[in-house]
Amino acid sequence: METQKLSPGKFAINYGVILGLVMVVISVFTYVTGLALEGAQWPTAIYYLIFPIAIFYAIYQYKKRNANLLSLSDALKVGVLIGVISAIVFVIYSLIFNYIIDPNFINEMIAVAKDKMIEDNPDMTQEMVDQGMKFVEMFANPGLMGAFWVAMSALFGLIYSLIGGLVMKKE
């Protein structure tokens, strides 16, 4: 009796959505608690820890459900798709948040970033502050930030799935 090979794409969807929702929950938590405006990084660091664990676990589960067989290409497909799908879920939330829920939040973040820049570097000239703020404002654009988030999630999904695939592959 032959087992039917699982589709890496279909398999990755659930894990990608769950991982994206984890990031949404972390984002909501930082917003509600005020940690986002304080610039707290530890909640995001939790996500950076969960991300590779989720990819390794998903690759392991894919292998387990696929008659204990795993090719490197399937591992890469699963990992990259999980990264991209999770990023898309988070980007959709970010767009809804920034354009509907709290459209002024970006301006508040920019103001906090400017105050922190001046506070941390009191010797900065106005020209240096303006130059730094151009960079901050460029990355405060939800569309640009979303594209960057998807690209970085795909890249790190590739890296982690390559590691997981090399460790777990069995053809």
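Details of the structure are given in the entry above.
To start, this report covers the structure provided alongside it. Note that the structure is a prediction, hence the values are computed from the model and not measured.

Take the nonpolar core next. Formed by 27 residues in total, the largest nonpolar core has its most connected members in Tyr47, Ile59, Val78, Ile82 and Trp149. When residues of this core are traced back to their parent elements, those giving at least two are α1 (8–33), α3 (42–65), α4 (72–101) and α7 (142–168). Among the elements that take part in this core, α4 stands out by supplying nine residues, more than any other. Residue contacts for Ile59: discarding those within four places in its chain leaves Leu70, Ala75, Val78, Ser161, Gly165 and Met168. Counting six residues, the second largest nonpolar core, distinct from the first, contains Ile106, Ile110, Met133 and Ala140.

Another point: the packing of aromatic side chains. All told, the structure shown has 16 aromatic pairs when counted by the stated rule. A network of ring pairs unites the aromatic residues Tyr31, Tyr47, Tyr48, Phe51, Phe56, Phe90, Tyr93, Phe97, Phe105, Trp149, Phe156 and Tyr160 as a single cluster.

Turning our attention to the packing of α3 against α4. Their axes nearest at 10 Å, the elements α3 and α4 cross at an angle of 140°. By the criterion of interaxial angle, the relationship of α3 to α4 is oblique. By crossing handedness, the relation of α3 to α4 is classed as right-handed. Contacts between α3 and α4 involve Tyr47, Phe51, Ile55, Ala58, Ile59 and Tyr62 from the former and Asp74, Ala75, Val78, Gly79, Ile82, Gly83 and Ser86 from the latter. Along the lines of polarity and charge, the residues of the contact of α3 with α4 split into nine nonpolar, three polar and one charged.

What follows is about a nonpolar patch on the surface. A cluster of nonpolar residues, Ile88, Ile92, Leu95, Ile96, Tyr99, Ile100 and Ile101, forms a patch on the protein surface that exposes about 680 Å² of accessible area. Tracing the sequence through the fold places Leu95 in helix α4. Looking at Leu95, the relative accessible area reads 33%, which means it is partly exposed.

What follows is about the side chain of Ser27. As for its placement among the helices and strands, Ser27 is situated in helix α1. Given the relative accessible area of 17%, Ser27 is considered buried. The residues touching Ser27, leaving out its near neighbours within four places in the chain, are Phe90 and Tyr93.

Scoring rules and cut-offs
- Residues numbered from 1 in each chain as written.
- Predicted model: local features only at pLDDT ≥ 70, side-chain atom pairs only at ≥ 80, totals over all residues.
- Heavy atoms only, no water.
- Core = buried A, V, L, I, M, F, W, Y, C linked by side-chain atoms within 4.5 Å.
- Buried < 20%, exposed > 50% of the residue type's maximum accessible area, 1.4 Å probe, protein only.
- Helix = DSSP H or I, 4+ residues; strand = E, 2+ residues; numbered from the N terminus.
- Contact = heavy atoms within 4.5 Å.
- Phe/Tyr/Trp six-rings, centres within 6.5 Å; stacked < 30°, edge-to-face > 60°.
- Axes fitted to C-alpha atoms, helices over the stretch in contact; angles between N-to-C directions.
- Parallel < 35°, antiparallel > 145°, perpendicular 65-115°, else oblique.
- Left-handed = near helix turned anticlockwise from the far one by under 90°.
- Nonpolar A, V, L, I, M, F, W, Y, C, P; charged D, E, K, R; others polar.
- Patch = residues over 30% accessible without salt bridge, like charges linked within 9 Å, V, L, I, M, F, W, Y side chains within 5 Å.
- Areas by Shrake-Rupley, 256 points an atom, 1.4 Å probe, with all protein chains shown as cover.
- Salt bridge = Lys/Arg side-chain N within 4 Å of Asp/Glu carboxyl O.

Read these as spatial facts, not as claims about activity.
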